[in-house]
Amino acid sequence: MEPPTSYEAEKHPVVGQEQDREEAGKDKEKENSDIPRRTGQSQVYTATRDTLFSKKTTDAEAHVLSLDFICGMNPALPVFTLQDQDELVLLYAAAHVGIIYNHTSKSRHMLKGHSHSISSMCVSEDRRWIATADRGPNGMVIIWDSYSGIPVNTLFDCHPDAGVIAIAFSSDTKHLVTLGTEEFQRVCIWDWTNESEKPLWFTELNPKYGFQDYIMFRLKNSSQLLSSSESHVLFYSSFNKETSGAAEFTSDRSENFGVANMSLSRSVFHWEEPKILIASGGGVVEWLKYCLLLHVSCDLHLPVPNLSLSVCLHSCIVTCNTESHICFYNGKFTLLAWYTELNLDAIVSISFSKEWKKRQREYRLDSKPLITRNFTVTTVSHRVVHVNAESLITRIVLDEDYEPIHALTCHPSQSAVVTGNHGGILEMWDYSSKVRSGRKVFNTEKQIQCVTFDPKGLYLAVGFASGAVHILNARTLESEQEEALHYTKDSIQLITFSSDSKYLATADAGKAVSVFHLITKEGSLPQWMHLGRIHSHYKPIKDLLFGVHLDSTQPRLLSLGMDCQLVEYDLENSSVDRLVILSSERIEQSGVPMCMTWYPPLTAEQFLLIITDQYKMRLFNSTTKMCRKTLQGPTYGSPIKKIVVLPKSEKADTNSYYLAFITMEKLGLQILPLDGNPYKSNALICHSAGVSAFACSYDGRFIFTAGGADCTVLSWEINLNVLEAAAAFGGKDMVPFYNLLEGGRDGKFYREMEDFFYYCQVHHQGVDSMEKRQVSCKIPLSEVSSLMRALGYYPTEQEIEDMQNEVKFSKYAETGKYVNDIDLEEFIKLYVNHRPAFSISSSDLVRAFWALGNVDSTGQPVLQRQELIELLQVRGEHMTEEEVVECFTALLAGLSEPKSGHSEYTLDSVIPSEISVETFTGQILGFTSSAEQSRAGSLPPQSDEPKTSA
């Protein structure tokens with residue numbers, strides 16, 4: 001979703017007008033809601049408190065992937081009460097999304113616009129306006145209208161390269177303060193109702209004050225603020241540019257303030273007097289301000305242990321503690337009311353509604369009732385509880401487990417999704433009704449790493465970090481066996497069933513694969529027998545996949561590792577504690593395999609689709625393991641790490657197959673068959689902190705993603721019609737591939753390609769031939785490598801062989817004949833699919849020199865001549881000494897075709913004794929500027945994600 005831009009100030013209500021309108025009451029709002037909207041009139045201005053959940057949403061109709069539901073929340077942020085009269089409406093955050101939750105109707109509205117996890121939220125005093133902020137590169141602050149859910153303003157890069165840790169509205173809602181996360185933290189005040197891109201006032205804080213993570217305005221004086229860290233409280237006297245000032249409260253200056261070694265939890269302004277109240281331990285410290293001089297007035301120890309926070313309302317002070325006691329005090333700290341029987345965990349945040357209630361004071365029956373409000377509290381166990389201040393009735397409105405989620409799977413035939421977290425809790429949800437249908441807590445095991453259903457939906461296998469595997473009944477979540485399958489101490493990373501549900505395979509962190517076989521005997525319950533465990537890889541295993549042999553119905557098992565090995569296991573000849581390897585093939589030369597799946601039946605051959613970290617998608621013959629096709633994959637900032645072919649939906653309007661994938665932080669869809677067309681894929685951010693797992697519903701209508709550290713699971717609705725429409729905008733036939741060339745079809749690069757293409761025909765027929773030329777629209781395969789090099793792409797010998805095999809066998813399954821030539825259009829597709837997704841940058845060369853070379857006297861990395869020669873002759877595709885001399889002679893001496901066998905150049909005369917980065921790029925490669933290092937392209941910048949090379 002594109003970040004929203006600001007509305008014109010006159011198109012939404014002025015803050016003061018909105019407060020007057022709110023005081024008019026709900027009847028006036030209903031009256032306003034009946035007024036017909038004039039053409040062009042702002043939806044924000046005409047919205048009432050009932051608007052948001054009464055309008056129909058069309059989000060799913062306009063996007064390829066639409067956020068449907070979120071399971072989880074961010075307990076580090078408070079939960080705010082927006083409405084509490086006829087309906088209970090709350091605001092909370094999950095991952096990078098704000099959620100307005102109507103507990104009465106059990107409906108949610110998503111506030112989508114952030115590209116990083118939300119780090120702070122606040123609401124205005126009248127609960128009309130919401131501000132959300134994130135932290136990270138290109139962070140932003142978005143102000144929303146809570147009545148309509150529409151963003152009304154966005155502050156872009158208000159704290160560049162750092163983000164925001166705390167925000168707050170002024171009491172009149174006209175200003176917004178942001179607190180950044182820079183090394184020298186900045187405090188900025190914004191007039192958010194205008195379109196100004198600069199703050200009204202800002203100041204930088206000295207790091208000696210500690211990391212400030214909380215900020216607020218004074219209730220009745222917006223020219224005063226305070227911020228706090230664990231050890232310091234700062235007071236700001238004004239935000240006028242000419243008369244700004246700040247004073248320091250500190251816990252480590254006991255000689256001045258009479259307080260020693262005090263840990264500060266929350267600081268607030270007194271609503272009337274010039275005081276600041278600081279919650280610490282079991283008491284509240286009261287500070288007086290006189291002309292920016294601070295003094296300790298009292299250190300009041302309240303009758304509540306371990307005070308967690310304090311809040312100032314317009315007429316009383318509220319304190320909460322670790323035993324869930326809530327106390328109300330007047331300005332003189334006289335106890336007015338208390339709640340001591342809530343039976344909750346420690347309270348970490350509290351939010352009051354804006355509707356006032358009357359409650360009889362507990363200690364004096366003849367006194368006037370206390371005027372207070374309903375409130376919502378969040379506990380340390382991530383439970384959100386609403387309390388009716390008048391009847392003292394409590395109800396749980398949210399109860400979420402906040403543990404990292406790395407396990408996720410969908411039922412093969414029902415609308416059920418299962419999640420497992422690091423707290424050892426397994427949950428099953430019915431995603432149609434959005435209701436939890438099952439829950440199991442493992443008391444002896446923690447850290448669920450992976451989970452999967454068998455294809456028949458009878459069993460649910462759960463893998464743990466301890467190495468244990470539990471087999472559960474998929475319906476009841478009860479254990480099928482008395483003891484867990486525990487044959488390793490290494491964490492189970494992958495788990496999968498065979499298509500007949502008779503085999504279960506796991507891959508663990510010890511780079512080993514284990515297989516279990518289901519044994520059924522008459523008169524006894526089925527038992528899983530350990531077939532064996534084998535260390536089949538020397539680097540981490542990235543994927544594990546069952547299939548079926550072409551000549552039988554017997555299952556086959558393959559594993560894929562970062563060591564570039566594709567290993568197949570001989571299940572038929574394996575016996576108890578003896579797992580046999582059938583074959584092991586190296587499938588990558590320089591890239592690192594990330595994942596694999598069976599390619600759908602779109603061709604006459606059966607293919608295995610493998611994704612690499614170099615953004616390539618490669619098809620391998622399932623029998624010969626020969627690479628038959630290489631295609632450019634989606635480039636969305638980081639390589640694809642998991643893929644799954646979507647099941648065909650009965651409600652889909654198309655008969656095509658589709659591929660779902662996740663990268664480091666994005667979820668995407670790809671139209672099949674693969675051809676390298678970049679317009680046939682679409683992706684968006686699903687978890688800005690990183691996506692750990694994903695799964696697809698059995699009918700192909702929903703995709704579920706787990707956020708790992710953000711402890712959330714997101715449900716996405718798929719609209720394939722929008723995906724097809726977006727692909728159509730890219731053009732038909734060769735148009736998308738012409739666009740991938742520099743300058744397109746009308747550019748200089750395309751004309752050069754045509755010239756080189758026809759020169760290859762001349763070269764093949766003999767440059768010196770005097771016979772009549774046979775001009776055609778094709779060139780032989782033997783000329784493909786020369787044409788690639790002429791265009792600036794220098795493939796290895798293995799890559800040349802892959803390209804020739806791709807063309808040679810392209811029609812063999814259909815016709816039984818080889819293809820020995822290629823036309824220009826086919827060559828363009830071959831070129832854009834095989835060339836590197838990104839050129840080598842200067843930083844890549846520097847890293848290579850640091851890894852391979854030594855440091856010279858100036859502290860710069862250099863390669864010794866002999867070391868470079870040994871690397872070229874021993875590593876990778878080996879070069880002979882003659883080939884090394886020939887190549888460096890051509891580069892350094894300018895000879896395009898040095899005489900073979902008796903060149904006058906030697907290695908010592910051609911290559912400098914020490915080679916620096918500048919020497920290598922300038923003298924050897926001949927680059928004089930960074931612009932010459934690569935041709936400009938349309939691909940996005942390369943990810944900063946570290947790569948592992950074979």
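Reading guide: rules and limits
Residues numbered from 1 in each chain as written. Predicted model: local features only at pLDDT ≥ 70, side-chain atom pairs only at ≥ 80, totals over all residues. Heavy atoms only, no water. Core = buried A, V, L, I, M, F, W, Y, C linked by side-chain atoms within 4.5 Å. Buried < 20%, exposed > 50% of the residue type's maximum accessible area, 1.4 Å probe, protein only. Helix = DSSP H or I, 4+ residues; strand = E, 2+ residues; numbered from the N terminus. Contact = heavy atoms within 4.5 Å. Patch = residues over 30% accessible without salt bridge, like charges linked within 9 Å, V, L, I, M, F, W, Y side chains within 5 Å. Areas by Shrake-Rupley, 256 points an atom, 1.4 Å probe, with all protein chains shown as cover. Salt bridge = Lys/Arg side-chain N within 4 Å of Asp/Glu carboxyl O. Phe/Tyr/Trp six-rings, centres within 6.5 Å; stacked < 30°, edge-to-face > 60°. Disulfide = S-S within 2.5 Å. Pairing = 2+ DSSP bridges.

The nonpolar side chains of a soluble globular protein tend to be buried, and buried together. Formed by 36 residues in total, the largest nonpolar core has its most connected members in L65, L646, L669 and I703. Per element, the largest residue contribution to this core is four residues, and it comes from strand β3 (residues 88–94). If we ignore the near neighbours within four places in the chain, the residues touching I703 are L65, L646, A660, L667, L669, F694, A695, C696, L714, S715, W716 and I718.

So, on to a nonpolar patch on the surface. On the surface, V846, W850 and V855 cluster together into a nonpolar patch covering about 270 Å² of accessible area. By secondary structure assignment, the location of V855 is in strand β59 (residues 854–855).

Moving on to the packing of aromatic side chains. Per the stated rule, a full pass over the model turns up 28 aromatic pairs. Between the aromatic rings of F442 and F464, the centroid separation amounts to 4.9 Å while the plane-to-plane angle is 75°, which identifies the pairing as edge-to-face. In this pair, F442 sits in the loop between β33 (435–441) and β34 (448–453) while F464 sits in strand β35 (residues 459–464), placing the two residues 22 residues apart along the sequence. Assessed through its relative accessible area of 5%, F442 is described here as buried. Ring geometry for Y738 against Y750: centres 5.6 Å apart, planes inclined by 85°, an arrangement best described as edge-to-face. Placement of Y738 in helix α7 (residues 735–738) and of Y750 in helix α8 (residues 748–765) is noted, with a sequence separation of twelve residues between them. A single burial state applies to Y738 and to Y750, both of which are buried. Three or more aromatic residues joined by ring pairs make a cluster, and in this case those are F328, Y339, F352 and F375.

This part is about the state of the cysteines. The final tally for this structure, using the stated rule, is zero disulfides. Its sulfur unpaired, C158 is 7.2 Å from the next cysteine sulfur, which belongs to C188. A disulfide-free cysteine, C320 has its sulfur positioned 8.6 Å from the sulfur of C327, the nearest such atom.

Our focus in this paragraph is the pairing of strand β31 (residues 416–421). Most of β31 is tucked away: six of the six residues are buried. Going residue by residue along β31, you find A416, V418 and G420 tucked away on one face and V417, T419 and N421 tucked away on the opposite face as well. Here strand β30 (residues 405–410) runs beside β31; their pairing, made up of five bridges, is antiparallel. Within β31, the position partnered with L408 by the bridge is T419. Pairing between β31 and strand β32 (residues 425–430): five bridges, direction antiparallel. Residue pairing in the sheet places G420 in a bridge with L426 of β32. Hairpin geometry of β31 and β32 is characterised by an intervening segment of three residues between the two adjacent antiparallel strands and by a positive phi of about 75° at G424.

What follows covers the pairing of β33. Here β32 runs beside β33; their pairing, made up of six bridges, is antiparallel. Bridge pairing links I425 to V441 in β33. Connecting β32 to the next strand, β33, in antiparallel fashion are four residues, including K434 with a positive phi near 60°.

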